[in-house]
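Chain by chain, the residues run as shown.
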Amino acid sequence: MSSKKRALTMAGVFVAGIIGGGALMYSDSVYDAVNDALGKGATQNAIGSVGGVTPIDVSGMDLETALNAVQANRASLLEQQLKDQINAVQAKNDQIAKLNQALATANRLLGSFGGDAKADTPVPSNAASSANAAELQTALNNASLTDPLPTTKGQLDGLIQSIKGKIDSLANSQQMDMLRLQSLSNKRNEAFDIMSNFIQKMQDSRSSIIGNMR
């Protein structure tokens, strides 16, 4: 499966999980901070910015409601991070596709040279070569490359190597993007497990209290 398909597949699963699974849990330190703020009757019952999350006013909330608010805010932040990551992967996929098109066109133009052509051999001036040269110029523009159109075989060889280098660089960078995307997916799964356990514990606590009242 291509990198593009893998990225979009993981992204689809992750986003669907956010929609279906709801909000995510913060760490224990945030839980304790909310608990302290509510239990001690602090005059400023709000959770400040933690890891880039927008402050949330929890005054007047019970503990469960406050934690749900925190989780929803965290989920929104992670969803935006995921969208940005998917956009970054998509942009690199598009750029790699444009570079591959430019590389294919350059190779076609290279094929117009004879097998014994020297580096200083001019680009052939026949109709086929002229058409390939014009197509190469368009491909370079589409890929946002400012390299001048080659006029000799040596220049064309240099351009081909330059395009290959750019493709390799983007491919390596894209691997890091895919690892980050996988990391976000793993964090989401872990956080969803914590969220499920939290809901179950709250339900068990309510059931225990009701049972003791009977």
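Predicted model only: the values in this text are computed from it and were never measured.

Criteria and thresholds
- Residues numbered from 1 in each chain as written.
- Predicted model: local features only at pLDDT ≥ 70, side-chain atom pairs only at ≥ 80, totals over all residues.
- Heavy atoms only, no water.
- Helix = DSSP H or I, 4+ residues; strand = E, 2+ residues; numbered from the N terminus.
- Buried < 20%, exposed > 50% of the residue type's maximum accessible area, 1.4 Å probe, protein only.
- Areas by Shrake-Rupley, 256 points an atom, 1.4 Å probe, with all protein chains shown as cover.
- pLDDT = per-residue confidence, 0-100.
- Contact = heavy atoms within 4.5 Å.
- Core = buried A, V, L, I, M, F, W, Y, C linked by side-chain atoms within 4.5 Å.
- Expected span 1.5 Å × (residues − 1).
- Polar contact = N/O pair within 3.5 Å; in protein donor to acceptor, adjacent residues only side chain to side chain.

## Remarks on the overall build of the protein
Stage number 1. Regarding its fold elements, the protein presents five helices and two strands.
Stage number 2. Burial analysis of the protein (214 residues in total) assigns 32% to the buried set.
Stage number 3. Here the protein displays about 12,300 Å² of accessible surface, and carbon together with sulfur accounts for 53% of that area.

## Considering the confidence of the model for the protein
Stage number 1. For the protein, per-residue confidence averages 74 on the pLDDT scale, and residues scoring 70 or more make up 70% of the total.
Stage number 2. The secondary-structure element of the protein with the lowest mean pLDDT is strand β1 (residues 46–47), recorded at 40, while helix α4 (residues 127–142) shows the highest, at 91.
Stage number 3. Confidence drops under a pLDDT of 50 for residues 1–51, and excluding neighbours within four residues, the segment shows 88 contacts in the predicted structure.

## Some thoughts on the nonpolar core
Stage number 1. By size, the foremost hydrophobic cluster in this structure holds 20 residues, and its most contacted members are Leu99, Leu136, Leu140, Leu145, Leu156, Ile163 and Ile167.
Stage number 2. Listing elements by their share of this core, those giving two or more residues are α3 (63–110), α4 and α5 (153–213).

## Considerations on α4
Stage number 1. Over its 16 residues, α4 runs 23 Å from end to end, which matches the ideal 22 Å to within 8%, given 1.5 Å per residue.
Stage number 2. Where α4 begins, one side-chain oxygen reaches toward the backbone nitrogen of Ala128, 3.3 Å away; that side chain belongs to Asn126.

## Structural notes on the environment of Ile160
Stage number 1. Relative to the helices and strands, Ile160 is located in helix α5.
Stage number 2. Sequence separation of Ile160 and Leu110 is 50 residues, and the distance between their C-alpha atoms is 9.2 Å.
Stage number 3. What Ile160 contacts, discounting residues up to four positions off in sequence, is Leu103, Ala106, Asn107 and Leu110.

## Thoughts on the side chain of Ser129
Stage number 1. Relative to the helices and strands, Ser129 is located in helix α4.
Stage number 2. Residue contacts for Ser129: discarding those within four places in its chain leaves Leu109, Ser112 and Pro124.

## What to know about the side chain of Asn132
Stage number 1. Looking at where Asn132 falls in the secondary structure, it is placed in helix α4.
Stage number 2. Apart from residues no more than four positions distant in its own chain, Asn132 is found in contact with Thr105, Arg108 and Leu109.

## Describing the environment of Asp168
Stage number 1. Structurally, the position occupied by Asp168 is in helix α5.
Stage number 2. With relative accessibility at 48%, the residue Asp168 sits in the partly exposed group.
Stage number 3. Put simply, Asp168 and Ile96 are 72 residues apart on the chain and 9.1 Å apart in space, counted from C-alpha to C-alpha.

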